[in-house]
Amino acid sequence: MEPVKYYRLSEVEEHKSPQNCWILINNKVYDVSKFLEEHPGGVEVLCEHAGGDATENYEDVGHSSDARKMAESYVIGELHPEDREKIVSPLIPPGSYVQDSTSWWSNWVIPGLAALVVTVMYRMYIYEE
């Protein structure tokens, strides 16, 4: 196994053009220059994160396991450990998801009560006729 190649954040930030596009996802450096035209979401999606961290957007989209495997072929190294704390966006471990903070109350009880009210109103309307 090859030793890991580390890149400084300043190096990654230099690669912002469509001809030379690097992005960071979970502290890994990806050279996606050759993948831009093939990306299902379009060139713009990758270019807006060129030279920076795309972790949050990458995880939000919910890429398939096939897409994640394909992405591994574009890894050229990792962000230097000293630069990892300089990343502004939160890092999410691969394959995990962010727990939705809404409670069961708003997901089940409120819609249930709304359905009950509509049902009662409908029955009242039917019986009046």
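Residues numbered from 1 in each chain as written. Predicted model: local features only at pLDDT ≥ 70, side-chain atom pairs only at ≥ 80, totals over all residues. Heavy atoms only, no water.

Asks: Is there a simple way to explain the overall build of the protein chain in this structure?
Replies: Looking only at helices and strands, the protein chain has five helices and five strands in total. Burial statistics for the protein chain: of 129 residues in total, 29% are counted as buried. Carbon and sulfur atoms form 58% of the exposed surface of the protein chain, whose accessible area is close to 9400 Å². (Helix = DSSP H or I, 4+ residues; strand = E, 2+ residues; numbered from the N terminus. Buried < 20%, exposed > 50% of the residue type's maximum accessible area, 1.4 Å probe, protein only. Areas by Shrake-Rupley, 256 points an atom, 1.4 Å probe, with all protein chains shown as cover.)

Asks: It is not clear to me how the pattern of salt bridges should be interpreted in this structure. Could you clarify?
Replies: Opposite charge on two side chains allows them to pair when their charged atoms are near. Inspection of every chain in the model, using the stated rule, returns six salt bridges. Notably, a salt bridge pairs Glu82 with Arg8, separated by 3.4 Å at the nearest N-O pair. Here Glu82, found in the loop between strand E5 (75–79) and helix H5 (104–128), pairs with Arg8, found in the loop between strand E1 (6–7) and helix H1 (9–13); they are 74 residues apart in sequence, far enough to count as distant. Connected through shared salt-bridge partners, Arg8, Glu82, Asp83 and Lys86 make up one network. (Salt bridge = Lys/Arg side-chain N within 4 Å of Asp/Glu carboxyl O.)

Asks: Would you mind going over the packing of aromatic side chains with me for this structure?
Replies: The geometry of an aromatic ring pair comes down to the distance between the two centres and the angle between the two planes. Counted under the stated rule, the structure contains two aromatic pairs. With centroids separated by 5.0 Å and ring planes inclined at 70°, the aromatic side chains of Tyr7 and Trp22 adopt a geometry described as edge-to-face. Here the residue Tyr7 occupies a position in strand E1, and Trp22 occupies one in strand E3 (residues 20–25), the gap between them amounting to 15 residues. As far as burial versus exposure is concerned, Tyr7 and Trp22 are alike and both buried. (Phe/Tyr/Trp six-rings, centres within 6.5 Å; stacked < 30°, edge-to-face > 60°.)

Asks: Can you help me understand the sheet that holds E5 in this one?
Replies: Strands belonging to one sheet form pairs held by backbone hydrogen bonds; the direction of such a pair is parallel or antiparallel. The strand order E1-E5-E4-E3-E2 describes an open sheet built from five strands, whose pairing is mixed. Edge positions in the sheet fall to E1 and strand E2 (16–17), since each has one partner strand and no second. Bridge count between E1 and E5: two bridges; the pairing is parallel. Across the sheet, Tyr7 pairs through a bridge with Leu79, a residue of E5. (Pairing = 2+ DSSP bridges.)

Asks: What exactly am I supposed to notice about the layout of surface pockets here?
Replies: A water-sized probe rolled over the atoms picks out the places where empty space is left. In this structure, the largest pocket encloses a volume near 440 Å³. Phe35, His39, Leu46, Tyr58 and His63 are the residues nearest the centre of the largest pocket, which is lined by 20 residues in total. When residues of the lining of the largest pocket are traced back to their parent elements, those giving at least two are E3, helix H2 (43–47), helix H3 (55–61) and helix H4 (65–72). (1 Å grid on protein atoms, 1.4 Å probe; cavity = no way out; pocket = protein on both sides within 12 Å on 5 of 7 lines; lining within 4 Å. Points joined across faces, edges and corners; volume = space filled by probe spheres on them.)

Asks: Explain the nonpolar core to me, please; I cannot follow it from the model alone.
Replies: Note that soluble globular proteins tend to have their nonpolar side chains buried in a common cluster. Ranked by size, the top nonpolar core spans 13 residues in total, and within it Ile23, Ile25, Tyr30, Val32 and Leu46 carry the most contacts. Sort the elements by how many residues they give to this core and E3 lands first, with three residues. Each residue touching Ile23, except ones within four places of it in the same chain, is listed here: Lys28, Val29, Tyr30, Val32, Leu46, His49, Ala50, Gly52 and Ala54. Formed by eight residues, the second largest nonpolar core is a distinct cluster that contains Leu9, Val12, Trp22 and Leu24. (Core = buried A, V, L, I, M, F, W, Y, C linked by side-chain atoms within 4.5 Å. Contact = heavy atoms within 4.5 Å.)

Asks: Explain the pairing of E5 to me, please; I cannot follow it from the model alone.
Replies: Both strand E4 (residues 28–31) and E5 contribute to a ladder of three bridges, which runs antiparallel. Within the sheet, the bridge partner assigned to Lys28 lies in E5 and is Glu78.

Asks: What should I look at first to understand the state of the cysteines in this one?
Replies: In a disulfide, the sulfur atoms of two cysteines are held together by a covalent bond. Following the criterion strictly, the structure yields zero disulfides and no others. With no disulfide of its own, Cys47 has Cys21 as its nearest cysteine by sulfur position, at a separation of 4.9 Å. For Cys47, a relative accessible area of 23% translates into the label partly exposed. (Disulfide = S-S within 2.5 Å.)

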